[in-house]
Amino acid sequence: MAKEFKTIKTEIRLPYELAYGATWTKFFEGMENEIIYGTKCSKCGRVLVPARSFCPRCFVNTDEWVETAQEGTLTAWSYVNYSYFGQPIKPPFIGALIRLDETDVDFLHLIGGFDLSDFDLVRKTVKNGMRVKAVWSDERKGHVLDIKYFEPA
Amino acid sequence: MGRPVAIIGVGQTNHGRRMDVCYPDLVREAVVRLYEETGLNPDDIDGVVSGTMPSMMEGVALTHFYFADAMKAAGKPILKTETCGSTGVSIAHTAYYWISSGMADLILAVGHEKMNEGDSQATMTTVAEPFYQRYFIAGAPGVFSMQSQMWSVRYGLEEEKVRDAAAFISVTHHDSAFDNPYAHIKIRVSMEDVKTARVITYPVRLLDVCPNSDGACAVLFASDTMVKKLGLNKVAWVKGVGYRGEEYYFGDSDKAVWQSAVGAAQQAYNMAGIKDPRKELDVAEVYNPFTFQEMMFYECFGFCGLGEAPDLVLKGTFARDGELPCDPSGGTLCTNPIGATGLIRTAEAALQVMGKAGDHQIPGAKTALSHAMGGVDQFNGIMIVGSEL
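Model, not experiment: these values are computed from the prediction. (Residues numbered from 1 in each chain as written. Chains lettered and ligands numbered in written order. Predicted model: local features only at pLDDT ≥ 70, side-chain atom pairs only at ≥ 80, totals over all residues. Heavy atoms only, no water.)

Looking now at the interface of chain B and chain A. Residue-level contacts link 38 residues of chain B with 41 residues of chain A. Interface area, chain B with chain A, both sides summed: about 3,500 Å², of which 65% is carbon and sulfur. By the criterion of area lost to chain A, the three top residues of chain B are F131, Y132 and F136 of chain B, representing 23% of everything that side buries. Across the chain B-chain A interface, the total number found is 3 salt bridges. Of the charged contacts in the structure, one is a salt bridge between R57 of chain A and E247 of chain B, with a shortest N-O distance of 2.5 Å. At the surface where chain B touches chain A, the tally comes to 18 residue pairs in polar contact (both at pLDDT 80 or more). Of all the secondary-structure elements, those providing two or more residues to the side of chain B that touches chain A are helix 4 (120-125), helix 5 (139-154) and strand 5 (199-201) of chain B. By residue number, the principal contributor to the side of chain B that touches chain A is helix 5 of chain B, which donates 8 residues. Within the side of chain B that touches chain A, the residues separate by chemical class into 18 nonpolar, 11 polar and 9 charged. (Contact = heavy atoms within 4.5 Å. Buried area = accessible area lost by both parts, 1.4 Å probe. Salt bridge = Lys/Arg side-chain N within 4 Å of Asp/Glu carboxyl O. Polar contact = N/O pair within 3.5 Å; in protein donor to acceptor, adjacent residues only side chain to side chain. Helix = DSSP H or I, 4+ residues; strand = E, 2+ residues; numbered from the N terminus. Nonpolar A, V, L, I, M, F, W, Y, C, P; charged D, E, K, R; others polar.)

So, about the side chain of K255 of chain B. All names here are of chain B. Position of K255 relative to the elements: it lies in the loop between strand 8 (236-245) and helix 9 (259-272). Taking the relative accessible area as the measure of exposure, K255 reaches 1% and is therefore buried. Of note is the side chain of K255, whose polar atom sits 2.5 Å from the side chain of E246. Aside from chain neighbours lying at most four places away, what touches K255 is Q147, M150, E246, F250, M296 and D377. (Buried < 20%, exposed > 50% of the residue type's maximum accessible area, 1.4 Å probe, protein only.)

Take the sheet that holds strand 2 (residues 47-48) of chain A next. Residues and elements named next belong to chain A. Spatial ordering of the open sheet is given by 2-1-3, a layout of 3 strands whose pairing is antiparallel. In the strand order of this sheet, the two ends are held by strand 2 and strand 3 (64-67), each with one partner. With 2 bridges joining them, strand 1 (residues 37-40) and strand 2 adopt antiparallel strand pairing. Bridge assignment links T39 to a residue of strand 2, and that residue is L48. (Pairing = 2+ DSSP bridges.)

What follows is the structure, given as structure tokens:
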């Protein structure tokens, strides 16, 4: 039996106040009002969602605001069945990339609205390319989780 | 192009759950082994570069200062390079650039991590921006599993075949780890064990995912002038380097054909003059924390065509006795002290072309590729080494 050595338990907690700036502020105001905002790039014409202050490809400001569709198709997904410290959403949940109609990037969010406890059932329900639509929370706070999840449409 | 650079020595810790040592002593274990192996000493070194994952992993910021003594770096130029999962290969690149530029002749490169001391996935999640994506990415397994899922559906791959191929990779790498004295996880697993293990992040199950490891790796890089001066003949010459990043937001770029992986490999192949990697490479150390993702890399690196990897895996093309053996060390799947992991890939590639890989030596290996990836599906780095200048 190897000798056991001592350990010390410690923790670091730091408070932050992070600035949203104008673009994120408007995006989250939209969330509070059941609107998903994107911005359109004047150069490449792509609709980016969530809204951006600039197009990462063209490096120009994107100041044309678009209310995106609240329905889309499923690009990719993963059934998350493990936990870590401070995890904001309790597992199991399904992280998903969703291509909202008439947009040009995938929107990362959750899919749900059905029984997630049995993985084999989930596997039968969830298919890439399936149509999904946003389900809003009754108590919205101007937060990305104002959309509870996207459910099969 | 700058001047030629070679790897002249490697030191690794015994990787695993190392609660028997404090973090600086773990780092020093690798550095001492490197000096014992090469017969050199810290006075010979012109500079030191090290790196880790984000500070939240162990709760100490700017560890290159914490480890200045363990790396015997006082009085020398010191750098830290940090690119998330690809940190290790970026450390190797930093050492290469430093010497190739003519500014140094001998550089100590050290990667290290002590993942068992904190919460690795909580740490990983801090890599994602805090307003929107952090809620959904679910650590490294979340995003990389989604990527693999996207890839298999893109190419219309039969789920059962992809599952079998991933299980084959798990079984063979776990077997290989027994031949690597430094590997962390040493267990025999069957295809059935892998396929019925608990789902972590679908399609990834417990035996498809790497462990949390504690470990460090130290590598000595030298100029061609220094190699001659020391009279060394068994060295690993750096033949090619490549690195690419992508746009930040997960969802903005196509991850099923991962462009940063394609671009990094192409840059390294161009520099090394490699046209047909499957034929010209003798061995590859692909960064493979997830079995499914390893197959995507085979395709992105041109080891086979898009969507072809599962068939070739099941034929044994990338097994130890196959046409292009991948991860004969057991790879990241069996050992993952993240800040060290990419540098371990480069170190293992170097050991192979120096003929010093011991029980997992690929006989006659002359050219080897090493790789690491990181970020929220964002970065890929490559270093190719060869036995001839």
